[in-house]
Amino acid sequence: MKITRLETFGTADLAFARVTTETGAQGWGQVSSYLADITVEVFHRQIAPHALGTDATDFADTLALIQEREHKFPGSYLRRAMAGLDTALWDLNGKLQGKPVVELLGGTPGKLRAYASSMKRDITPVDEAARFVRLRDEQGFTAFKWRVGRECGRDLDEWPGRTEEVIPTVAKALGDGIDKLVDANSCYSPTRAIKVGQMLEDHGIGHFEEPCPYWDYDATAEVRDALALDVTGGEQDCEYSSWQLMLDRGAVDIVQPDVMYMGGIHRTLHVARMAARVGLPVTPHAANLGLVTICTMHLLKALPNAGKYLEFSIEGADYYPWQQGLFRNDPYRIEDGHATISAEPGWGVEINPDWLDRATYRASSAE
Ligand SMILES: [Mg+2]
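Residues numbered from 1 in each chain as written. Predicted model: local features only at pLDDT ≥ 70, side-chain atom pairs only at ≥ 80, totals over all residues.

## Things to note about helix α5 (residues 125–139)
Between its first and last C-alpha, α5 extends 21 Å over 15 residues, near the 21 Å set by a 1.5 Å rise per residue. Looking only at α5, the buried set comprises Glu128, Ala129, Phe132 and Arg136. The arc enclosing the buried residues of α5, seen along the axis, measures out at 95 degrees, which places them on a common side. Facing away from the buried side of α5 by over 90 degrees, the exposed positions are Val126, Asp127, Arg134, Asp137 and Glu138. Structurally, α5 contributes buried residues whose contacts are with β4 (110–117), β5 (143–147) and α6 (162–174). Just past α5, the residue Gly140 takes up positive phi, approximately 75 degrees. (Helix = DSSP H or I, 4+ residues; strand = E, 2+ residues; numbered from the N terminus. Expected span 1.5 Å × (residues − 1). Buried ≥ 20, exposed ≤ 12 C-beta atoms within 10 Å, placed from the backbone. Arc of directions from axis to C-beta. Contact = placed C-beta atoms within 7 Å.)

Set out below in structure tokens:
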């Protein structure tokens, strides 16, 4: 069943991709968010020309061939664009078989434990603790992640003393029986990361994400060696070679590929298998409520080496204005701290037609 048409509907922040086959069958996916207008350009110029005319039902090798045809362009943008093709084809195949993607991947739909993930650093420790307690009590979350240090901060804090305050304030407010995670987003030197890590351990935090610049696997490994808690990372890494290096260096206890940054489900599965070979779990990165978290839900519930929970962004319109109104059904309901994977075919979401009407449209078709 040949691919005859590839379309995008987007804004500068996010773009959906639609694949159509010679039979008229369709599937919906998404290219990676952020600078999605640039990614759409890559999609139509470097992905679509190779994908049109290829088989929509057996496409793992098509993705590999695109990489080979575009071998002068390693790295992020090609992957971000490839994610649109991969995720649209998974949806299409789910719809063709009448199954949710999670079933195509060997799992079952239903409930999935989520952790509430804060994206904010400009929030005071007291306010962060208060909204976490509210989410714990109202939505039943049993795990939370908050931010320490400054993003790529060269050992600086968002403001002096914030990290020393936010660690105990949030940990104490949440209390026992709640899993506690923090993310440093590449802030620290190993020396500083180890000091912060000891503070984290003293307050029962079990997950220390991206303590050092993420590309410095030796620095991250030094922190992992010095601490008992889980050192985690990998959200930006999109090349198999960098993943291999990270695993060979023993840099992390948990790997965190992002389905969209990686280039879709097939390539993320490859990384999950690499992690499984060295006995590591996968807790994917999924930092907004575009399609990425839906795709991650289907993947995570099917992975034999899945981590303990789904990353679930708690940010709304003030932080992510561009993720509002994307879906017609409500795929992101949380009950008792769990998200629910739909049993509907494909991704089980309906993209809001009003949003699509307002989006910038572009199409690539077979000759
Ligand atoms: Mg992170």
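## Details of the packing of α5 against α6
In contact at an axis separation of 9 Å, α5 and α6 are set at 25 degrees when each is read in the N-to-C sense. In terms of orientation, α5 and α6 fall into the roughly parallel class. In this structure, α5 meets α6 at a crossing whose hand is right-handed. Here Pro125, Val126, Glu128, Ala129, Phe132, Val133 and Arg136 of α5 lie close against α6, whose contacting residues are Arg162, Glu165, Val166, Thr169, Val170, Ala173 and Leu174. (Axes fitted to C-alpha atoms, helices over the stretch in contact; angles between N-to-C directions. Parallel < 35°, antiparallel > 145°, perpendicular 65-115°, else oblique. Left-handed = near helix turned anticlockwise from the far one by under 90°.)

## Points about the environment of Met274
Examined against the element boundaries, Met274 turns out to sit in helix α11 (residues 265–277). Of the residues examined, Met274 has 18 C-beta atoms within 10 Å and is grouped as partly exposed. Between the C-alpha atoms of Met274 and Leu247, which are 27 residues apart in sequence, the distance is 8.3 Å. What Met274 contacts, discounting residues up to four positions off in sequence, is Trp243, Gln244 and Leu247.

## Re the domain arrangement of the protein chain
Split into domains, the protein chain comes out as domain 1 (3–98 + 352–365) and domain 2 (102–341). Summarising the inter-unit geometry, the C-alpha centres of domain 1 and domain 2 are found 27 Å apart. The interface is formed by 24 residues belonging to domain 1 together with 22 residues belonging to domain 2. Secondary structure elements with two or more residues in the side of domain 1 that touches domain 2: β3 (26–30), α2 (60–69) and α3 (76–97). With eleven residues, the top contributor of residues to the side of domain 1 that touches domain 2 is α3. When the residues that make up the side of domain 1 that touches domain 2 are grouped by side-chain class, the tally is eight nonpolar, twelve polar and four charged. (Domains from an automatic or database assignment. Nonpolar A, V, L, I, M, F, W, Y, C, P; charged D, E, K, R; others polar.)

## Some points on the sheet that holds strand β2 (residues 15–21)
Strand order in the open sheet made by the four strands is β3-β2-β1-β12, with antiparallel pairing throughout. For this open sheet the edge positions go to β3 and β12 (360–365), each flanked by a neighbour on one side alone. Put simply, the sheet's adjacent strands are angled 20 degrees from each other on average, direction ignored. Relative to β12, strand β1 (residues 3–10) runs antiparallel, the two being bridged by six bridges. Looking at the pairing, Leu6 lines up with Ser364 of β12. Docked against the sheet, helix α1 (residues 36–51) engages β1, β2 and β12, running at close to 180 degrees with respect to β1. The strands that α3 touches are β1, β2 and β3; relative to β3, the one it contacts most, it runs at about 145 degrees. (Pairing = 2+ DSSP bridges.)

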